[in-house]
Each structure stands twice: as structure tokens, then as C-alpha cells.
Amino acid sequence: MVSSLTALPKPKSSDVNKISVGSSPVVTMAFPAKKLLTSSFFGFTLLVALIAVFLKYNSRQKLFTAEELASYNGTDDSLPILLGILGSVFDVTKGKSHYGAGGGYNHFAGRDASRAFVSGNFIGDGLTDSLRGLSSTEVHSVVGWRDFYFRSYKFVGRIVGRYYDSQGNPTKYLKGVEAKAARGAQLLEKQKIMEAKQPSCNSRWSQDEGGEVWCEDGYPRLVQRPLEIALTGKMSKRCACYNEDQLGQPGLEVYEGCDYLAKRCRV
């Protein structure tokens, strides 16, 4: 009897698998193994890459309002403790003893208090993200603190407001801050070179005896740092050692209670 089925084309040798059953070979159809493996590997690689991009984008673009961030101030044990600086948000829960309720740094939790990192004002208007009026070296210091948190804690998102827009993109204000910080870094490097020419005093301090400065060669004097470099408070001045023939220079200050040619002074 003749079959009414149309004959199938003979498969190529590369498209078949041969299995022997006893002495009779049985031929079965199969996809090309090399093509199947290549296709599967490419599909898996593409899927992994897409997932990685999604997770990275989702993590980087998590946005907070100031009101939302305030909930993460360490008073609710069911929530992580978050801290903002220059619009970037970090999870500082692992430092709960410092940032949690009652901790010494709790005033930074649940808000962006960028200015307080250099002003030392931890109450009221001092806890603000505005850096208006700060010197370039102070702004550089704030950026340094932000870099510290990137190295030490988990970055979890950004705050919509002064430093990032509603899409999570940097604002002109943030770009201005970073440019000012770069100028501050240049000034500090310049000051470092200048101060190396005039050696600093030796110093020590103890709770029982207080502080002391002294010079092996020369005499200790307080000298004002340039205004564009000076930081707030006592850091606006430094102790340097001057030879006797230099002591007549303007701007040199003898420590209170210290003799004019004393090599050691109590502070």
C-alpha cells in the first residue's frame, strides 16, 4: 500500500541525533545543539543585564521629600535611620548608637543639615541645608563629609529640593556648590605650600595640664590665615615658629601670658 503522506525532506547530518537500539539505528530529529546553547546564553545574559540596570536605576533614583525624610529620624524602631547631606540620603542605621534617639548625632537624622557639619550650630536655623555665606574651604569641608558618608554608609536616594529636582537630576545650586568646593581645595593646597615655608609650632594637650605650644627653632606666634582660607573659630589662626629677626613682621601675635622671647607658651 502506498502512503498518501508527502515525504519529508531528508534531514542533514548536522540536524539529527542517532541512537542505536540493538543493531538497528534509530534516527530522531533535533535542533542544532550549538545554536540552541548560543541562543539560551545570549537570552540569559541580556536578562541579567536588564535586571542590573533596573536595580541600579531604581536605587539611584529613589526620591524623598523633606517631609518624608523626617519620618526616618530614629524615633521609630521599625524604620531605618536616614541622614541627608547635600541632597544625598544615606542609611546610618548601623550607627544607631550615634544617630538614634538620644545619640550625639541624632540632630542629623531625618533631615539634611549640611551647614551644621561645619558651623557647629545644631539647633533651630542651624540645622539647614543652605550653605549661603560659607567660605569655599568650608564648602569643601561639607563636600568632604558627603564623600565620607558615600564611603562609610549605604546610599539610598536623594532629596527633592535645593540640590536635586523632581527627576533626581542635580540642580544649578549643587553644581555651584561643587565648583566652590573645588576652589576651596585649590586654596587649601596653596595654603599648605605657603605654611610649609613657615614651620608650625609643636603642640600638646592634656586634661590635667591644659595645652602648650613650643618651637625647637624660633619663637611661637599666632598668625592669621588669609580670610578666603580661614575656617570658623580658632582655626582662623595657626601657631608658627619665627626667628628673632622676623618677629617685627605685622600680624604676629604673642600668646597671652607668654614672654616675648619665650620658646614655650601655655595655651
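Use the structure listed above.
Residues numbered from 1 in each chain as written. Predicted model: local features only at pLDDT ≥ 70, side-chain atom pairs only at ≥ 80, totals over all residues. Heavy atoms only, no water.

1. Quick look at the nonpolar core
Formally: To define a nonpolar core, start from buried Ala, Val, Leu, Ile, Met, Phe, Trp, Tyr and Cys residues and group those joined through side-chain atoms within 4.5 Å. Relative accessibility under 20% of the residue-type maximum defines a buried residue, over 50% an exposed one, and the middle range a partly exposed one, all with a 1.4 Å probe and only protein chains included. Strands here are runs of E lasting at least two residues and helices are runs of H or I lasting at least four, both read from the DSSP assignment and numbered beginning at the N terminus. We call two residues in contact whenever any of their non-hydrogen atoms come within 4.5 Å of each other.
Ranked by size, the top nonpolar core spans 27 residues in total, and within it Leu83, Ile85, Leu86, Val92, Leu131 and Tyr149 carry the most contacts. Secondary structure elements with two or more residues in this core: β4 (82–85), α4 (116–119), α5 (136–152) and α6 (172–197). If you tally residues by element for this core, the top one is α5, at 4 residues. If sequence neighbours within four positions are ignored, Val92 has contacts with Ile81, Leu82, Leu83, Tyr99, Tyr149 and Tyr153.

2. Overview of the environment of Tyr149
Short version of the rule: Throughout this description, a polar contact denotes any pair of N or O atoms lying within 3.5 Å of each other; where both atoms belong to protein, one of them has to be capable of donating a hydrogen while the other can accept it, and for residues adjacent in sequence the pair is counted only when both atoms sit in side chains.
Mapping Tyr149 onto the fold places it in helix α5. The spacing of Tyr149 and Ser88 is 61 residues in sequence and 9.3 Å in space, taken between C-alpha atoms. Leaving out residues up to four positions away in the same chain, Tyr149 has contacts with Leu83, Ile85, Phe90, Val92, Tyr99 and Phe117. Within the structure, the side chain of Tyr149 is placed 2.7 Å from the side chain of Tyr99, a separation counted as a polar contact.

3. Details of the sheet that holds strand β9 (residues 219–224)
Two modes of strand pairing occur in sheets, parallel and antiparallel, and in both the strands are linked by backbone hydrogen bonds. Here is the rule we go by: The rule for pairing is simple: two strands pair if DSSP sees at least two bridges between them.
If you walk across this open sheet you meet the 3 strands as β10-β9-β11, and the pairing is antiparallel. Two strands lie at the open edges of the sheet, namely β10 (237–242) and β11 (252–253), each paired on one side alone. Examined bridge by bridge, β9 and β10 share 6 bridges and lie antiparallel to one another. Across the sheet, residue Tyr219 finds its bridge partner in β10, namely Tyr242.

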